[in-house]
Amino acid sequence: MPDNPVITLPEAGIAQLAYNMPLQDVQQSRDGKLDGVIDEVVAFAQQQGLPTESLSISLVDLSHNRKAAYQEKVMRFPASVVKLFWMVELYSGIERGTVSPDYGQHDLQSGCKLPICRMIQDSDNESASKVVDVLTNTTSSKSDIQSAAEYQTWAQRREGLDIYFQRSGYEGISLKHKNFPIPYLGLDRPQGADLQLRGSNPSQPIRNRISTAQATKLMQDIVTGRAVSPRASATMMQLLTRYDLQTGEWKAKEYDPIEGFFGESLPTDTYLASKVGWTSDSRQEVAYIKSSDGRAEYILTIFADDPKYAKDWKVFPKISKLVFDRMQNVNS
């Protein structure tokens, strides 16, 4: 790959599209019982000595179309949860003819070797980088794009990732920054145009931003078959489903989306579809959870943008168990 890529993207692309389900299209009632669950979670975090000002929570009870939340509209760094949004944009591009259908192929039964599968199942940064490049026809390298006009074109194409959702009411959302490291490019951190995109202040870089309300809405659309199309939603649900929860195979993996996250404390016969995020400074997860007896069916999203949550590998499992137990009771 050349250090200074030649930009050849046609004007049509993901930036010309918009997400098909506006953010405000679902009306859900607030519920006192669910509010009590959220209050318990926040109190638990406080008891553990964890900061609650850096915490956002969204909880939707799908059985009764009701919700509760804590600071859910605060825009926070999503880490790898951003890949949930890139997946939706990929399948949107496929269905609207701006992306080859080959990029949407997945191979769960043969070991998850294709980019979309590895991006979601394994949260692989290399695969995610390729998906972003396909969506925007941009590339990453170690060198700056020297021409101001070429950089502006490159940056506008990346911003198309934001525009796709912003046109549907996802105000303030930012999805244009890749996750690092990206080994196949030799990039352990943002360099070149990716670094330029982060802004001129290295102590306060511009980063991706998503709220738990936005992540929860998108997950709900996928679960209910409304994201892009019923067919695309069904494919995305397959990719998000954590089959390892039932088999226990996650315990043998170096990286897995179960240990340290919601699934670790759930009964093994629970249905779990999720996307997690983690850095040395934060921990995030959005998950659809359904108990085997059907008494509890909900979406739980937590963004915890503080190093204390990143270092605590038990807090998310403990919160998950608390919520799971309460959700079975509030629906009984």
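Just so it is clear, the model here is predicted, and its values are computed rather than measured.

Can you explain unusual backbone geometry? Please cite residues and give values.
The residue after F180, namely P181, is reached through a cis peptide bond having omega 5°. Following the sequence through the fold, P181 ends up in the loop between helix 5 (148-166) and helix 6 (192-196). Look at A79: it is not a glycine, yet its phi comes out positive at around 50°. Within the element layout of this structure, A79 appears in the loop between strand 3 (66-70) and helix 2 (82-95). Of note in the backbone geometry, V228 takes a positive phi value of approximately 70° without being a glycine.

Could you give me a rundown of the nonpolar core, with the residues and numbers involved?
Judged by nonpolar contacts, the single largest core of 48 residues is most densely connected at F85, M87 and F165. When residues of this core are traced back to their parent elements, those giving at least two are helix 2, helix 3 (115-121), helix 4 (125-136), helix 5, helix 7 (212-223), helix 8 (230-240), strand 5 (282-290) and strand 6 (297-304). Considering every element that reaches this core, the biggest residue donor is helix 2, with nine residues. If you look at the next biggest cluster of nonpolar residues, it comprises 36 residues, including L272, Y298, Y309 and F316.

Before we move on, could you go through the layout of surface pockets and cite the residues and values that matter?
Of the voids in this model, the largest pocket is the one considered here, and its volume is about 790 Å³. Residue lining of the largest pocket: 33 residues in total, with N125, F180, P181, W278 and T279 positioned closest to the centre. Of all the secondary-structure elements, those providing two or more residues to the lining of the largest pocket are helix 4 and strand 4 (271-279). Ranked by residues supplied to the lining of the largest pocket, first place goes to strand 4 with four residues.

Now, about the pattern of salt bridges: what can you tell me, with residues and values included?
Counted by the stated rule, this structure contains 15 salt bridges. When the shortest N-O distance is used, the salt bridge between R207 and D305 registers 3.7 Å. Within this pair, whereas R207 is found in the loop between helix 6 and helix 7, its partner D305 is found in the loop between strand 6 and helix 10 (307-311), the two being separated by 98 residues in sequence. Assessed through its relative accessible area of 31%, R207 is described here as partly exposed.

Conventions used here
- Residues numbered from 1 in each chain as written.
- Predicted model: local features only at pLDDT ≥ 70, side-chain atom pairs only at ≥ 80, totals over all residues.
- Heavy atoms only, no water.
- Helix = DSSP H or I, 4+ residues; strand = E, 2+ residues; numbered from the N terminus.
- Core = buried A, V, L, I, M, F, W, Y, C linked by side-chain atoms within 4.5 Å.
- Buried < 20%, exposed > 50% of the residue type's maximum accessible area, 1.4 Å probe, protein only.
- 1 Å grid on protein atoms, 1.4 Å probe; cavity = no way out; pocket = protein on both sides within 12 Å on 5 of 7 lines; lining within 4 Å.
- Points joined across faces, edges and corners; volume = space filled by probe spheres on them.
- Salt bridge = Lys/Arg side-chain N within 4 Å of Asp/Glu carboxyl O.

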